[in-house]
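Breakdown of the fold
Single-letter residue listing:
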Amino acid sequence: ASKEGIWNTKTIKSILQNQLYVGDLVQNRRTKINYKVKKTVWNVREDWIIVENTHEPLVSKEDFEYIGKILPKNSNRPEKKTTRLLDGLLYCYECKHKLGICAPRKSDGRTYLVCNYYRMHSKYGVCTSHGFNYDYLEAGVLNIIKMMAIEYLSPTELKGSTGNIKLSNPRTNLELELNTLERDITSFTSKLDQMYLDNLDGKITDDMYARISLKLNEEINTKKIKISEIKDSLNKVTDNFDINKTIDKLLIEFLKVEIPPREMMLELIEKIEVHKDKQIDIYFNFKQLNFLLSSHHA
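So, here's what we can say about the structure. (Residues numbered from 1 in each chain as written. Predicted model: local features only at pLDDT ≥ 70, side-chain atom pairs only at ≥ 80, totals over all residues. Heavy atoms only, no water.)

**Some thoughts on the sheet that holds strand 5 (residues 90-92)**
In sheet architecture, strand pairing relies on hydrogen bonds along the backbone and comes in two forms, parallel and antiparallel. For clarity, the threshold we go by: Between any two strands, at least two bridges found by DSSP are needed for them to pair. Numbering of helices and strands runs from the N terminus, with a helix taken as a DSSP run of H or I at least four residues long and a strand as a DSSP run of E at least two residues long. To define axes, lines are fitted to C-alpha atoms, for helices over the stretch in contact only, and angles between the resulting N-to-C directions are given on a 0 to 180 degree scale. What makes two residues a contact is simply this: any of their non-hydrogen atoms within 4.5 Å.
With respect to topology, 3 strands assemble into an open sheet ordered 5-8-9, the strand pairing being mixed. Strands with a single pairing partner mark the edges of an open sheet, and in this sheet they are strand 5 and strand 9 (280-284). Each neighbouring strand pair of the sheet contributes to a mean axis angle of 25°, computed without reference to strand direction. Inspection of the sheet shows strand 5 paired to strand 8 (residues 269-274) by 3 bridges, in the parallel sense. Within strand 8, the position partnered with Cys-92 by the bridge is Val-274. Along the sheet face, helix 4 (residues 134-152) touches strand 5, strand 8 and strand 9 and points at about 50° away from the line of strand 9.

Structure, rendered in structure tokens:
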């Protein structure tokens, strides 16, 4: 908080990024480089020791998770620096820290990547520079997504991509089956009611009524179980259909433009890891699109 008692943006950002405020105890976030040096460095999140729900939270886990996805992609980008398309998405495969995008070289105008962890602690021999021609990387990533989009989308969707997208909804067959089962239950219930009246009027014997009503009730119970299963499937199918429709729209929009806006890249891509041997791994925000890239070399 400031001297006037007003929280500034730095304080709020710190709270939203600190898992302590979600109600969890977090330890082992830092470690010494070696026993001879007092300097400490941040450990990767996989090495943290986390005990959940140890105290009352100040920030909801939903807000914390959302901020955790957005802030890393938009942090450490000074106003004077030109924002590049893959800014905030690039990580070192070896140490898991961010890769920075250097200013263009005066000699040849080329732009290169550098591992921020190596840049800050190179004298301690941690990690490597991960020097990579950024423009080559960006062009390669865009080309890979373009080829993947064409392969992922159906010919019908590609042909009609300038208009409305029409997708085959997998709910249809399930809904038809559900309607049939519900009509069958209504029919069987009506038969039971009629059988009961016929038994009262003496049109059928008690024994016949008992046998037929038992069979009809078994059929009704079986169909009710099936209805419950279909409703569960409908909920899952709805979620998957909505996600697939979002993916299709994103990829179609991607194919419409020569250079996509950075916001589209943030929506598509979770992160890109660059190996020291220049292999690239792309991780998408949608499991349907996740795959590892083949090795590409500058």
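**Observations regarding the pattern of salt bridges**
The following threshold applies: When a carboxyl oxygen of Asp or Glu is within 4 Å of a side-chain nitrogen of Lys or Arg, the pair counts as a salt bridge.
Overall, the coordinates contain 7 salt bridges when judged by the stated rule. For Glu-177, the salt bridge identified is with Lys-226, shortest N-O distance 4.0 Å. Taken together, the residues Glu-177 in helix 6 (residues 171-200) and Lys-226 in helix 7 (residues 206-256) connect sequence positions 49 residues apart. Residue Asp-184 pairs with Lys-223 through a salt bridge whose shortest N-O separation is 3.3 Å. In this pair, Asp-184 sits in helix 6 while Lys-223 sits in helix 7, placing the two residues 39 residues apart along the sequence.

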